[in-house]
Amino acid sequence: MSHLPRFSKLKSAAYSYVWSRDVEHLLPQHYKDRCIKFMTREPPAVHWQPISGRWKIDPKSGQRIPVQNVPIRVIYPEESNKGLWGGEGIIQGLLKKKPQTRRLPKLWMPYLQKRALYSEILDKWFAITVTLRTLDQIDEANGFDHYILKTDERDLNSKLAMDMKREMLLTLVRGTMYSDDTDKKQKIHNRYKEYMIPVSMFR
Amino acid sequence: MTPHAQIPAAFSSRTRLFCQSKNAPFCTWRLIINGFNNLRRSSSNCYFYHYKRRFYPVQLKPQTMQSALIASRRASASLLEAASACVSCLHLTQTRNTVIVERKYPVNLHNKGSHPRLKAKNYIYKVVDYKNSRPVPNIDCLLTDYVEGIGVAGEIVNVKRRLFRNRLYPAGLAVYPTEEALEDMAEIREAMKAEDNRLSQYAKMTVRQLAGLHMRIPMSGDNLWVLNKTHIRVALRKMGVEVKEDCITLPTEPVTEPQEVEIGLSINNAVDVKVRGTIYHIFKDRSRNVLPENLPKVWKNPPVDN
């Protein structure tokens, strides 16, 4: 029996955290906090535009009606965990061009590209499937490492990203990067030290 | 073993095929027609088979060939029709984009704390925007090295985002202009400000272009002359290059005859370029004018070794 809030189908993610009551006492508190934060956080509105404000005027009647933003249902297939889709996913919906015509099924797919991305901390190049939205976010964050470390888990929405985050943080804490070049090592340490968390958080 | 033996029984009884040798034509796919007599009535009796699986390519007699062609056309037309019909009804053409959609029929209001109740019509969407089809704004980046046509090291330039992503950043020629990166490049940036006669990207491009120039220097064949700076300036102007006479350095020994010369040009008082040229005679009587043979092309020659 799961002991966590579940995703509604309108707010799903690429993966979810579930555990039973039997094992709950085995899990560390910081891990549980992180999981609950992930499960309860509002997903970013990637494929729809939320209306701001509490009220809006109905154009037909001129009456004031409350605003209730209902998200679009987005599907995240297993492949989204192997790439960085930047919150994008597949929209499965219906299309009705005219009132007289039937509604017909329609899929909107993300535009995926395989790109070479460089991680400074790991000093490696990765061939990762990304969307253009991801590339924009990387530019906004001033680099791939900053993007991975800075962005919230809910917005990353990928197991691959979390694996990389773990690798990067472990490398930073252990200081195993650039073992030959001490200057470079110090530089990288200073650049990313704000993201560092204690080693006990990894267990 | 005859090829007929390989034909499945269902087809062979009514199929009139004229099978040829094993070393048959290069076609890998071909049409089997089951019962030519029925062809005029229906075009559904056509089958495509791979020659390796079933039997060898065949050649049809001219008469049967014609009917087979008609049948194949009909078959392909019907297939195409079916395919196009399927595509239109299933919407198989998918847009690969960051699409922003909106509900055509908005969801009914729900109580606070409860989930919205969605009906099938709430999944009918209309596309509001395709984000990827909008032009992407340029990006500011800090160059770490000289890039031809873009800028010199330490300069912050505004370039196309795809250029930065695909070429400059992977090659290490540019970085994001963070405070840290600016501090690292502070020395170069200050030197860039202080130096008045520094070479800009365009100056560097000019240097490269001039190094590949081979001048034509026409001189009088009727009068005596000694080559001076004005002659060079005029010759360069004819090539489309305007220089001041102060920038020109002549060869050390005076030149009075047609020959190959090397002339120095100083760009922004910072760099000296050696430019080659050929001096030849021209006469008042134009019929005597002869261009020297085997002249190199004017532009894009390999540069002179300094």
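Keep in mind the model is a prediction, meaning the values are calculated, not measured.

Calculation criteria
Residues numbered from 1 in each chain as written. Chains lettered and ligands numbered in written order. Predicted model: local features only at pLDDT ≥ 70, side-chain atom pairs only at ≥ 80, totals over all residues. Heavy atoms only, no water. Helix = DSSP H or I, 4+ residues; strand = E, 2+ residues; numbered from the N terminus. Rg over C-alpha atoms; globule rule 2.2 N^0.38 Å. Buried < 20%, exposed > 50% of the residue type's maximum accessible area, 1.4 Å probe, protein only. Contact = heavy atoms within 4.5 Å. Areas by Shrake-Rupley, 256 points an atom, 1.4 Å probe, with all protein chains shown as cover. Lys, Arg positive; Asp, Glu negative; His and termini not counted. Charge placed at Lys NZ, Arg CZ, Asp CG, Glu CD. Axes fitted to C-alpha atoms, helices over the stretch in contact; angles between N-to-C directions. Parallel < 35°, antiparallel > 145°, perpendicular 65-115°, else oblique. Nonpolar A, V, L, I, M, F, W, Y, C, P; charged D, E, K, R; others polar. Core = buried A, V, L, I, M, F, W, Y, C linked by side-chain atoms within 4.5 Å. Pairing = 2+ DSSP bridges. Polar contact = N/O pair within 3.5 Å; in protein donor to acceptor, adjacent residues only side chain to side chain.

All right, on to the overall build of chain A then. Helix and strand content of chain A: 6 helices and 7 strands. For 203 residues, the compact-globule estimate of 2.2 N^0.38 gives 17 Å, and the C-alpha radius of gyration of chain A, at 21 Å, exceeds that figure by more than 25%. Dimensions of chain A, computed from the C-alpha atoms along their principal axes, are close to 70 × 45 × 30 Å. Per-residue burial over chain A gives 43% buried out of 203 residues. Put simply, of all contacts in chain A between residues at least 6 apart along the chain, 48% involve residues at least 24 apart. For chain A, the accessible surface area stands at approximately 11,900 Å², while carbon and sulfur atoms represent 50% of it. Considering chain A, the positive charge centre built from 36 side chains and the negative charge centre built from 23 side chains are found 10 Å apart.

Let us now look at the packing of helix α2 (residues 132-140) of chain A against helix α4 (residues 161-171) of chain B. Between two packed helices, both the angle of their axes relative to each other and the distance between the axes serve to describe the pair. The interhelical angle for the contact between α2(A) and α4(B), taken along N-to-C directions, is 85 degrees, at an axis separation of 12 Å. Our classification of the angle between α2(A) and α4(B) gives roughly perpendicular. Touching Leu132(A), Leu135(A), Asp136(A) and Asp139(A) of α2(A) are Arg161(B), Phe164(B) and Arg165(B), all from α4(B). Residues that form the contact of α2(A) with α4(B) fall into these classes: 3 nonpolar, no polar and 4 charged.

Counting residues in each nonpolar core, the largest one holds 51 residues, and the members touching the most others are Phe144(A), Ile148(A), Leu149(A), Val159(B), Phe164(B) and Leu168(B). The element best represented in this core is helix α5 (residues 159-174) of chain A, accounting for 7 residues. Ranked by size, the runner-up nonpolar core spans 26 residues in total, among them Val207(B), Leu210(B), Val241(B) and Ile263(B).

All names here are of chain B. Spatially, 3 strands are ordered β6-β5-β7 in an open sheet, and the strand pairing comes out antiparallel. Edge positions in the sheet fall to β6 (156-159) and β7 (174-175), since each of these pairs with one other strand and no more. Of the strand pairs in this sheet, strand β5 (residues 139-143) and β7 are connected by 2 bridges, and their pairing is antiparallel. Residue pairing in the sheet places Leu142 in a bridge with Val175 of β7.

All names here are of chain A. Mapping Asn157 onto the fold places it in the loop between α4 (153-156) and α5. Accessibility expressed as a relative area gives 5% for Asn157, which makes it buried. Among the polar contacts listed, one links the side chain of Asn157 to the backbone nitrogen of Ala14, at a separation of 2.8 Å. Leave out the neighbours within four places in its chain, and Asn157 touches Ala13, Ala14, Tyr15, Tyr76, Ser80 and Gly87.

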